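Architecture at a glance
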Amino acid sequence: SIESKESEYVNEMLSYTKVGEYEDIPINDNFKIVLWGKSVEVMWPLCKQLNREIETISAAISTEGYTIEITNKLATKGIGNMYVVEKLLNQTAEQAVHIGDSMNDFSVVDFMDLVAMENAPESLKSRAKYVGPHYKEGGFAKIIDLMVD
């Protein structure tokens, strides 16, 4: 049935592998590694170091600076958005916009306009075409309303 296939898909998407040693990390073409830390002061420099030293990955800060999301360099939101926009929707980047509030949204600025939420880091807001309201103030819905009008 459709429901069981959907449930199987959701379970697969939500699965994760807990590893104890670096060598146990199952890296292939499609991966996402999330690192959690107790200190923003440690996570930001670590993220920069990862991007500098491992050229095949994209590391981005999220969750207000307490997590680092690591993916294949070709598996970013920017590249993914362009695939959806051009290949699946048959549109151009000029007809699309990305709304985000985390540094994992940074990769889209090379591909399409970015609307950063007010709660986004300053470094993301400085690259955004527009800055919308805070997400806790209904920012996403307000941005969509402005775009539809």
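Report on the accompanying structure. The structure presented is a predicted model; accordingly, all values stated were derived computationally and were not measured.

Side note on the overall build of the protein chain
Helix and strand counts for the protein chain come out as 5 helices and 6 strands. Considering the protein chain as a whole, with its 149 residues, one finds that 30% of them fall into the buried category. A separation threshold of at least 6 residues defines the contact pool for the protein chain, and within that pool the share at least 24 residues apart is 33%. Here the protein chain has roughly 10,800 Å² of accessible surface; of this, 54% comes from carbon and sulfur atoms.

Focus: the sheet that holds strand E4 (residues 97-100)
Taken together, 3 strands build an open sheet; the order of strands is E4-E5-E6 and the sheet is parallel. Edge strands, defined here as strands with exactly one partner in the open sheet, are E4 and strand E6 (130-132). The mean angle between the axes of side-by-side strands here comes to 25°, regardless of whether they run parallel or antiparallel. In this structure, strand E5 (residues 113-117) lies alongside E6, joined through 3 bridges in parallel fashion. Its bridge partner lying in E6, Ala116 is registered against Val131. Taken strand by strand, helix H5 (residues 139-148) contacts E4, E5 and E6, and its axis lies near 160° from that of E4.

Overview of the pattern of salt bridges
One pass over the structure, following the stated rule, counts 5 salt bridges. Across the pair Lys125 and Glu118 runs a salt bridge, and its minimum N-O distance is 3.2 Å. A residue is classified by how much of its surface remains accessible, and Lys125, at 13% relative accessible area, is buried. One salt-bridge network, in which partners are shared between bridges, spans Glu118, Glu122 and Lys125.

Re the side chain of Glu69
Tracing the chain through its elements places Glu69 in strand E3 (residues 67-72). A polar contact of 2.9 Å, which involves the side chain of Glu69, links it to the side chain of Ser62. Each residue touching Glu69, except ones within four places of it in the same chain, is listed here: Lys32, Ile33, Val34, Ser58, Ala59, Ala60, Ser62 and Asn104.

Things to note about the pairing of E3
Side-chain positions along a regular strand alternate between the two faces of the sheet. For E3, the buried fraction is high: 6 of the 6 residues fall into the buried class. Two strands pair when backbone bridges link them, and strand E1 (residues 32-36) and E3 are joined in this way by 5 bridges, in the antiparallel orientation. Bridging across to E3, Lys32 finds its partner in Thr71.

Remarks on helix H2 (residues 40-53)
With 14 residues, H2 should reach 20 Å at 1.5 Å per residue; the first-to-last C-alpha distance of 20 Å fits that figure. Tucked inside the fold, the buried residues of H2 contact E1, strand E2 (57-62) and E3.

Observations regarding the nonpolar core
By size, the foremost hydrophobic cluster in this structure holds 23 residues, and its most contacted members are Ala59, Ile68, Ile70 and Met112. Elements with a minimum of two residues in this core: H2, E2, E3, helix H3 (77-88) and E5. When sequence neighbours within four positions are dropped, the list of residues in contact with Ile68 reads Ile33, Val34, Leu35, Met43, Leu46, Cys47, Leu50, Ala59, Ala60 and Ile61.

Each value, and the rule that gives it
Residues numbered from 1 in each chain as written. Predicted model: local features only at pLDDT ≥ 70, side-chain atom pairs only at ≥ 80, totals over all residues. Heavy atoms only, no water. Helix = DSSP H or I, 4+ residues; strand = E, 2+ residues; numbered from the N terminus. Buried < 20%, exposed > 50% of the residue type's maximum accessible area, 1.4 Å probe, protein only. Contact = heavy atoms within 4.5 Å. Areas by Shrake-Rupley, 256 points an atom, 1.4 Å probe, with all protein chains shown as cover. Pairing = 2+ DSSP bridges. Axes fitted to C-alpha atoms, helices over the stretch in contact; angles between N-to-C directions. Salt bridge = Lys/Arg side-chain N within 4 Å of Asp/Glu carboxyl O. Polar contact = N/O pair within 3.5 Å; in protein donor to acceptor, adjacent residues only side chain to side chain. Expected span 1.5 Å × (residues − 1). Core = buried A, V, L, I, M, F, W, Y, C linked by side-chain atoms within 4.5 Å.

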